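# Fold and geometry: a report
Each chain is listed here by its residues.
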Amino acid sequence: VEDVISGTEIKSTSQWRSSCTTETGILVKVRLYYKNTGNEPTYVSNFNLYDSRARKFEAEVMPFCLENQIMFSEKLNPGLELTFESLYEIPKDAKDLKIRLSEYIYISLGF
């Protein structure tokens, strides 16, 4: 996890894209760096977020405010790396957010 931004508005870094906003929850933008250190191709897709109540949050599909996003799943050959952003809309009462990278690996987002 390289960067996390949250709020009711996530501004685009491009003049050609609009901001993402919510009136009912909180938006969380996560920038991830992923490197395939294995010997076989792997498929990378958006990871899910979980809160302290074990609620699962999936990434938004095609948010306008992101530039480097994964639409569905991308094949990543051995030795290659990828940096991408994901956007989540979560309820205001969500706490202790973690991103699930694999069955046993969770990374705390710090809020």
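None of these values were measured; they are calculated from a predicted model.

Rules behind the numbers
Residues numbered from 1 in each chain as written. Predicted model: local features only at pLDDT ≥ 70, side-chain atom pairs only at ≥ 80, totals over all residues. Heavy atoms only, no water. Helix = DSSP H or I, 4+ residues; strand = E, 2+ residues; numbered from the N terminus. Rg over C-alpha atoms; globule rule 2.2 N^0.38 Å. Areas by Shrake-Rupley, 256 points an atom, 1.4 Å probe, with all protein chains shown as cover. Buried < 20%, exposed > 50% of the residue type's maximum accessible area, 1.4 Å probe, protein only. Pairing = 2+ DSSP bridges. Salt bridge = Lys/Arg side-chain N within 4 Å of Asp/Glu carboxyl O. Contact = heavy atoms within 4.5 Å.

With that out of the way, let us pick up the overall build of the protein chain. The helix and strand tally for the protein chain stands at zero helices and eleven strands. Its helices and strands in sequence order give the protein chain the pattern β-β-β-β-β-β-β-β-β-β-β, from N to C terminus. For the protein chain, whose C-alpha radius of gyration is 14 Å, the value lies close to the compact-globule estimate of 13 Å for 111 residues. Element-wise, carbon and sulfur atoms account for 48% of the exposed surface of the protein chain, whose accessible area totals about 7,100 Å².

Most of strand β9 (residues 81-90) is tucked away: seven of the ten residues are buried. Note that strand β4 (residues 26-35) and β9 share ten bridges and pair antiparallel. Within β9, the residue paired with Arg31 across the bridge is Glu85.

The next subject is the pattern of salt bridges. Pairing between side chains of opposite charge can happen when the charged atoms of each approach one another. Tallying each qualifying case throughout the model produces six salt bridges. A salt bridge links Arg53 to Asp93; its shortest N-O distance comes to 2.9 Å. In this pair, Arg53 is assigned in the loop between β6 (48-50) and β7 (56-57) and Asp93 in the loop between β9 and β10 (98-100), connecting sequence segments 40 residues apart. Taking the relative accessible area as the measure of exposure, Asp93 reaches 36% and is therefore partly exposed. One salt bridge connects Arg55 with Asp93, and the closest N-O pair in it is separated by 3.0 Å.

Inspection of the secondary structure assignment puts Asn36 in the loop between β4 and β5 (42-44). For Asn36, the contacting residues outside a window of four places in its chain are Pro41, Thr42, Leu76, Asn77, Pro78, Gly79 and Leu80.

As a further point, take the sheet that holds β10. Overall, antiparallel pairing links the four strands, which are arranged β7-β6-β10-β11 in an open sheet. The strands lining the two open edges of the sheet, one partner per strand, are β7 and β11 (106-108).

Within the secondary structure layout, Val30 lies in strand β4. Assessed through its relative accessible area of 0%, Val30 is described here as buried. In this structure the C-alpha to C-alpha distance between Val30 and Gly110, which are 80 residues apart in sequence, comes to 12 Å. Once residues within four sequence positions are removed from consideration, Val30 is found in contact with Val1, Asp3, Phe84, Glu85, Ser86, Tyr88, Ile99 and Leu109.

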